[in-house]
Structures are given as structure tokens and as C-alpha cells.
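# Analysis of the macromolecular model
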Amino acid sequence: MRSLWPSIEPLLDGVTKPARYIGGELGALTPEHRPGAVSWLLIYPDTYEIGLPNQGLQILYELLNERPDALAERAYAPWVDMEAAMRAAGVPLFSLENHLPATDFDVLAFNLSAELVYTNVLNLLDLAGLAVRSAERSAADPLVLAGGHCAFNPEPLADFIDAFVLGDGEEVVGEITEVIGSWRAQGSERQALLEALASLDGVYVPSLYEVRYAGDALAEVVPASPAAPAEVRKRTIADLAAWPYPKAQLVPLTEVVHDRLNVEVFRGCTRGCRFCQAGMVTRPVRERPGEQVREMVRAGLARTGYDEVALTSLSTADFSSIEETVRAIVGGECGDQQVSVSLPSLRVDAFTVATATEIARARRTGLTFAPEGGTWRMRRVINKLIREEDLYGAVEAAFANGWRRVKLYFLIGLPTEQDEDVLGIAALARRCVEIGRAYHRSPTVVASVGGFVPKAQTPFQWCRQDTVEELRRKINLLKEACHKVRGLSLRWHDPEASVVEGLASRGDRRMGAVIERVWRAGGTFQEWSERFDMATWAEALAAEGLSFDAVAYRARDEDETLPWDHLSAGLHKDFLWSDWQDALAAVAVEDCRWTPCYDCGACTGAGLEHVVASPVPPAGGSQGTGQDLSRGDRVPVRFTAGVGTR
Amino acid sequence: MTERLRVRFVKLGKVRFTSHRDVARMWERAVRRSQLPVAASQGFNPRPLLAFGLALPTGAESLAEYLDITVVDGAAVVPLDQLARDLSAGLPVGVEVAALGWVTGDAGSLQEQVTSCSWDLEVRGVRASELARRVEQLLGAPSVPVQRERKGRAVDDDLRPAIRSLSVTPRQQDCAGGGSVWLQAELATRPRGVRPRELADALGADVVLGRARRTQQWIEHGGERREPLGMGAGLGTAIAAHAWERAS
Ligand code: SF4
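What this report covers is the structure whose coordinates are included nearby. Quick caveat, the model's predicted, so the values are computed rather than measured. (Residues numbered from 1 in each chain as written. Chains lettered and ligands numbered in written order. Predicted model: local features only at pLDDT ≥ 70, side-chain atom pairs only at ≥ 80, totals over all residues. Heavy atoms only, no water.)

## Notes on the site of the ligand
Rules: Being near a molecule or strand, for a residue, comes down to having at least one heavy atom within 4 Å of it. Each residue is assigned to one of three groups, with Ala, Val, Leu, Ile, Met, Phe, Trp, Tyr, Cys and Pro labelled nonpolar, Asp, Glu, Lys and Arg labelled charged, and all others, Gly among them, labelled polar.
Inspection of the region around the ligand gives A:Thr270, A:Arg283, A:Cys592, A:Cys597, A:Tyr598, A:Asp599, A:Cys600, A:Gly601, A:Ala602, A:Cys603, A:Thr604 and A:His610 as its neighbouring residues. For the shell around the ligand, the per-class residue count stands at six nonpolar, four polar and two charged.

Here's what the structure looks like:
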């Protein structure tokens, strides 16, 4: 074990943000590499600032380092200037703890949180000094694993990754460690290791499956080895209370996103928003007990010195113990210093705004809501059941409570979308500005518009994606409609990036060659707009005989084989299909946390159930519960100029 | 009159690659962890009242960084040696409290008070004898004209008045055990602070700066030079030896 630090240090005087490469965070460990311990390098394939706060990676980091038979270090993608300096100096990808070369580790494990980082994964394998294709690596090379939400359609990376982990990683990383440990003790072939891994629940070894095509279409993906199960099911930890991690959250030495204490209050979401992969693949809801949350906040604040804590989940306002928890933190029960609390995802109602106001003592600058769709019909299609009165009530409460800026998130390119739905976005946003005028001289409303990307294991997995031209036309409609509205600003996501994301989110194994071509052409950091290059993708697609039409701009039939059909996020395919049919008919469904089960499969099929402390939906209702859905687009609120009345 | 604690700290080793802003954030967290009753700024977004001295360039090390902490009026403070330990415990490896003491409320801020800094600068690219010749030439010159950018325009400037002293130590045994050519410089902070890089450039285009380490900051008053906490000059060396051991 030889530290590369003496060769790294001279490079750092010439690169931007050199603190990305030094490690040394509070909470970082310097594990000792020892015989009998399986060494993991946990890699986030994006920059340090984006990757460091990732909770999933930090949880596995602690769990592995607690084990006597394992150890873990971390690596992030070096920015292009550092990568060039490293390649010129012959320095390979290295870990931040002991500054060891990546190839000193037994396992390289990638966290896949977004599709546009796929070319970075290849680049990091290459920077480590490995062949990018699994078939060209030997038993002497580290085993390459990947997990995270994108692993629910792993096929585009199937040629490069030895094994994927589906679902929660807490338990399975230990099982993988044991399999590697005993394989190493026996000294057998790489094939034996892969077969042993395939026998673990939640582990998918793509090389043990054969992909058959019928002409241009995918016919099936079937086991090619007796060790490979016909279907790989995701892993789910039944009880979050048993996993109070991270216990020692990393506190970086330099600026990163989400630079604050983060405490996960629940995992999973059953609001049933049909576009949301994160919600669909993490069912059921598993809450952390309120007392444990408060204890984690207390210990975390004392240990880190942070003055801000985020209570994280896919929809924190739905946490049963939200009120007690917020009251405890703000009331000084979790430490005697002033602390501000942030809820990364707000439910759209006035009640939630009141809570947000209470806790955001400092920096009351802006609140964000995500109605996602411009009309009530559109929101029923996507099952985001926010009535206009809910939105206007929330926005009014925000402005009335002293907030000056409201940010609204929307999607365009949704299934069944008409121009009227797109223009509805501008109408909602304009109305929100008017509401703000009653309270402030110059309120600001930011409407942020993203292009919808259909994702695997969601009801919208069959849907066609809008073309770049369609998305551009819709953005132009919005630009016109928002033009010259004082206080309203429109922001939009690059349609080309959305479409490329769609290639990776629903592509099959043939997409791997496209990703490799783009990487070889220098296309790294594609999620960074200044580095994204559509032309490279278009050329690579054409060179492989594929097209945007075939992969992204095409609706799928019920009986078409989907590239991820042999993988299960717990959701029955017929549930997803009937939810898709409901969507097309604009029929909404309620949150199953508080209402009868739809038998989606997540609980029923896995012997699990929701872990929710409250038997009733929150005050004000949520996602269909306690709401009168018959009047979603009538607004029972009147506004007179200058005075906000209810 | 509010009370101010003046802290001298070191920044050595890997952590030298963090920025001045990064160091400020580290201190905010360390101070909160230490439970020191720090006064907060007024306004909508109150911050603890920490006032940092001269910014240290990212990549440079220092044996003599300072910050003033305004403590809540009349609040009880743990004994200073205990406080030094508590603060250091909350700081990353390589950043450590070297000394601390009270300053009276009417003393100026660090930015106002400090008049010069001493630097050890590692130089590559030129031999010791050649560097010594250029140093002598530079010290003998009536002015050292340089061009620098200010608000997007190039302005002429003279470095010479800011160079208080300059000497060459060939093969100085530095703390890391290296054996290269080192410059010792004392650079004034007024009328503006001269950066080590500017000095290196003035010594020739082939002068490549290696490690840079601030060793002292000075307050000159009535012809007398003192360390901002009023400590003897020998302390710097003692601090270096101790802190270096921890940082590496
Ligand atoms: S199985 Fe039933 S209760 Fe569980 S997430 Fe699916 S619909 Fe909801």
C-alpha cells in the first residue's frame, strides 16, 4: 500500500478547487488495509461538491468500516483539469482517505444517481487503469459494482459493470463482502465469484444473462447460467429504525451542495406521482421513529457544529412526527444554539408553509413548490393532486409570512399534454405573482420547467418522450406567455439533455456501445451544461444503428419486452399498466399510506408493510386524502388589489 | 465594551489547499461546537462575530493566522488553555490553535493593525547563488515597477517600498525535511498587501514558487514591531515543530 500523495500534491497548485482532492473531512476514517478484510472503494461519478453529501454513499461507508471483514474509502470524479494533470503525470484514480490507487481495492462500487453520469463511470474505470468492459478484466482486477436508482434499468451499463445492486444497500453490502471473502479464501475463478454473487437477493450479474433480439426489437433477457435467477428482486430494509445512519456524517472542508446536517426521516413514498421513479422504486413507506430522528439531530448538531439541519425524504411534510420534531429542534431540545431547519420537499398547502416559516428563522429568502403540471387535468394524469386552491393558498401564506420569492417546478412533455396544459403553467405562475403583490412591492416568482423523461419501473415507462423540437416549441410558448410579466421569471432545462437522459433511462444493452463512443470522444461530465454535447450523442447513436426515434420518441405496447422486465422494483407489471391506463384517462389514485391498498406489489409481494406512526393523513389532506377532488380547478379565493383576503 | 478573543492558529499540510472562505466556515463550526458564547451579528441572518485577518492564498501554509472572536458581554468563558483544546478538537487536522488571548475592545481590527508579514518561500528553477544575486539587485534598486490589474485596467505599481527585508537561505532544512532554496521575506501590507507570487515574478520569469509559508504577522507602532498577541518571536518556531508533527 503506497500513498500516491507525493505525486498528487504537486498537481494541486495548478488546478481549480484543489480541496476536492485532499480528504480529511470530519468523520472521514483512515482505515487500515489488512489481510482478511475486503476493501471497497465507494465512487460517486460526479464532482466532489455534488457527491460528498450523498447519504447513500455515506451510510455504506460507515457500515462497511464497522465490519471486521471490510473497509471502505471514497473517490469522486476529478474535474477535467485535474484529470488532465493526473493523466499527464501518470497518476491513476485514487481514494481520498489513504490516497491509494483504485486498483489496490477489491471492489469499486459506483453510486448511480443520474443517467448523464454514465460516461463518467467509464472514464473513471479507465482512469483507474482498468479495461472499461467487464469481459476484458481479469480476476486480478477489482470487482466493479453499481447501485442507486439508475440500477433499475442497468442495461445500458451492463457491459461495463460486473454486478448491480437493486434497492436498499444496507444489508446486501455485508452479504457481498462475505461472498468475496470466502471466494478469495478458495482462490477460484472470477466466474465462480459472479455466480456466487448472483445467488444473493437483489444482486444482478448481467453477464450471466443472454439478450435475444427479434429483428430490431428486444425479444428477451434470460438466464444463461443456472446460478442466475429469472427475476432479480430489489432489496428493502423493513425497518429504518434499525439503521440510524450515518452516525458520523462527513463534514467537508470546502463548499459542497447541501452543506448541512441531513437526517433521513423516512424512506419510500406512496403519493403515487406517476412520473417519479424515486417514489415508485422505494415503496413502501418506512418512517424513522420521531424520537430517533430527534436524537440523530441532537447528536449530529453537537458533533458537526452545523447550524442547519435538513429533514430528508421524498416528502418530509408527510412525516407523522413532523410537528413534534420541528418544535423540538426550534425549541432548543436538540441543542442550545440557533438552528434552522429545512424541508427539502414541501407539500403544497398553507399548513406546510406555516411550518416552513416557523423553522426557517434565518434566510427567509425563497420557498419552492412543485405542482409539476399546469392544469388540474394534467395533474390528475400525473397523479400530483394539487388543486389550484391549494397552490394559491400556499403561495399566499408564503408571501404573507414574509417570503419574497416563490419557486415553482413544472414538467413539460408529459403524456397527453396539450398546449393548453403548457400555457396553464404561465397562468398559474402569473397568478402567483399577483398574489404576491398584495404583500410585497416586488415579489418574485420563478417558474422552472424541465422536460419529462420517462423512467423504468414507473407507470410512464411505456410513454413516448417529446422530441427536442416539441420541447423547444413548448418552451417558446411559455416564453411568450411569461414575457413582460414583471416579477415572473422563467427558467428551463436544456431539451437536448432531457432527450439524452431518455436514451439512458430506457435504452437496452445496445446503448452501452453508444455510451462508450461518447466517452471515447471526450464526452465526460455530460450533466454539466458547459460540457454537454448533443452532436457527439447523435453521431454515436447513428454509428450504432440506433436512433432517438426508436429509443426515446416511441411509445411501447403492453406486450413489448422492456429491457428491465427481468428486474423487479417490487411493483407488479399489471399494476403499472393499469396505473398507466388510469393516467391516460386522467383518473387519480390516493396515497395508499392512509387508504386501502392497490396491491402494487411493494408490500404484498414482499411480506412488508408501511411503517407509519400516524393512522390518518396530515391536516389539510394530501394526495387525494381529505381533499375534495371534484373541484380541483375552481378557486374559492378572491383577491382584491392591495389586500389579500380569504 | 465588548470583549474580543484573539486567536493565533496554524494551517499546515493537506489542508493548505482549502480557501480563506473554507477556513472561515471551519471556524464557524468549531466555535459552535466549543459552546463558546460568541456574539452574533445583527440583522435578518445573524452570523457569529468572527473577524479574520489577512487572507492567506489557497495553497500557502501558515504558522501565524489570526482571528478575533467577539464574545457575548459578561458571559463566562472556560479557562483559555481549555478553550484552545476545545477549539482545536473541532478543527480539521492541520488547523490548530497556537495561542489565544484577550484584546481590548478599542484595539483596531486585525486588518487595520497588521502592517507586515514574514514569509518563507521555497524557490525552484534558479540556483541559490543566482537567486542571491537577483535579491541583492532588487534590494539595491530604487524602485521595482510592476503592472497589475485593478478593476479590469492595468496599473503601474512599485513593489519596492513593500519589501521590508529579503534574504536567501540555500538548502534550509525545512520542517518536511526538504532541501531546496528558500527565500525569507518580510512584506508590508500597506499601501497594499504584496502576494508572494508577485515577489517571485519580480525576481524573474524563471523563478518558480514552491511551498509558501507565512511565519509571522507584525504590528508596527512607533517604530516598534510586535506580534499581534504580544508574544516573543521564538514562539513561532516552537509552534511550527509541534503543529507540523500533527499535520503530517
Ligand atoms: S402494496 Fe399496497 S399499500 Fe403497499 S405500496 Fe403498494 S399499493 Fe401501497
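## Here we look at the interface of chain A and chain B
Put simply, the rule reads: Note on definitions: a residue-residue contact is assigned when non-hydrogen atoms from the two residues lie within 4.5 Å. Once two parts are put together, the accessible area they lose, assessed with a 1.4 Å probe and summed over both, is termed the buried area. A pairing counts as a salt bridge when a side-chain nitrogen of Lys or Arg comes within 4 Å of a carboxyl oxygen of Asp or Glu. Side-chain atoms alone can form a polar contact between residues adjacent in sequence; in general such a contact is a pair of N or O atoms within 3.5 Å, and within protein one must be able to donate a hydrogen while the other accepts it. For the purposes of this entry, the term helix denotes a DSSP run of H or I that reaches at least four residues, the term strand denotes a run of E that reaches at least two, and both are numbered from the N terminus.
Contact with chain A, which involves 28 residues of that partner, is made by 20 residues of chain B. Both faces combined, the contact of chain A with chain B buries some 2100 Å², and carbon together with sulfur accounts for 49% of it. Put simply, chain A and chain B have six salt bridges between them. In this structure, A:Asp307 and B:Arg32 form a salt bridge, with 3.5 Å as the shortest nitrogen-oxygen distance. Scanning the region where chain A abuts chain B turns up seven residue pairs in polar contact (both at pLDDT 80 or more). Elements with a minimum of two residues in the side of chain A that touches chain B: α1 (5-12) and α9 (290-304) of chain A. Residue composition of the side of chain A that touches chain B, by class: 12 nonpolar, six polar and 10 charged.

## Things to note about the pattern of salt bridges
Filter applied, for reference: Note on exposure labels: buried denotes an accessible area under 20% of the residue type's maximum, exposed denotes more than 50%, and partly exposed covers the range between, all computed with a 1.4 Å probe on protein chains only.
Tallying each qualifying case throughout the model produces 68 salt bridges over all chains. A:Asp162 is paired through a salt bridge with A:Arg137; the nearest N and O atoms lie 3.2 Å apart. Taken as a pair, A:Asp162 in the loop between β4 (143-147) and β5 (163-165) and A:Arg137 in the loop between α5 (118-128) and β4 lie far apart in primary sequence, 25 residues in all. Its salt-bridge partner being A:Glu255, residue B:Arg25 comes within 3.6 Å of it at the nearest N-O pair. With B:Arg25 in helix α1 (residues 20-34) and A:Glu255 in the loop between β9 (232-233) and β10 (261-264), this pair bridges two chains. According to the relative accessible area criterion, B:Arg25 is buried, its value standing at 19%.

## Here we look at the sheet that holds strand β6 (residues 203-204) of chain A
Residue and element names in this part refer to chain A. Put simply, the rule is: We call two strands paired when DSSP finds no fewer than two bridges between them. Note on geometry: axes are lines fitted to C-alpha atoms, helical ones only across the stretch in contact, with angles between N-to-C directions running from 0 to 180 degrees.
With mixed pairing, six strands are arranged side by side in an open sheet as β2-β1-β3-β4-β5-β6. Of all the strands in the sheet, just β2 (70-76) and β6 have a single pairing partner and so form its edges. For β4 and β5, the ladder comprises three bridges, and the chain directions are parallel. Residue pairing across strands places Gly-147 opposite Val-165, the latter belonging to β5. Sheet strands touched by helix α3 (residues 55-66): β1 (38-44), β2 and β3 (107-111). Its angle to β2, the strand with the most contacts, is close to 150 degrees. Packing against the sheet, helix α7 (residues 190-198) makes contact with β4 and β6, and its axis sits at approximately 25 degrees to β4.

## A closer look at the packing of α9(A) against helix α10 (residues 322-330) of chain A
Residues and elements named next belong to chain A. Using the following cut-off: Each angle receives one of four descriptions, namely roughly parallel if under 35 degrees, roughly antiparallel if over 145, roughly perpendicular if within 65 to 115, and oblique otherwise. Left-handed is the label given to a crossing in which the near helix is rotated counterclockwise from the far helix by less than a right angle, and right-handed is the label when the rotation is clockwise.
The geometry of α9 relative to α10 is characterised by a closest axis approach of 10 Å and an angle of 25 degrees between their N-to-C directions. When the axis of α9 is compared with that of α10, the two are roughly parallel. Pair α9 / α10 crosses with right-handed handedness. Between α9, through Gly-290, Val-293, Arg-294 and Val-297, and α10, the contact on the second element is made entirely by Glu-324, Thr-325, Ala-328 and Ile-329. Looking at side-chain class alone, the contact of α9 with α10 contains four nonpolar, two polar and two charged residues.

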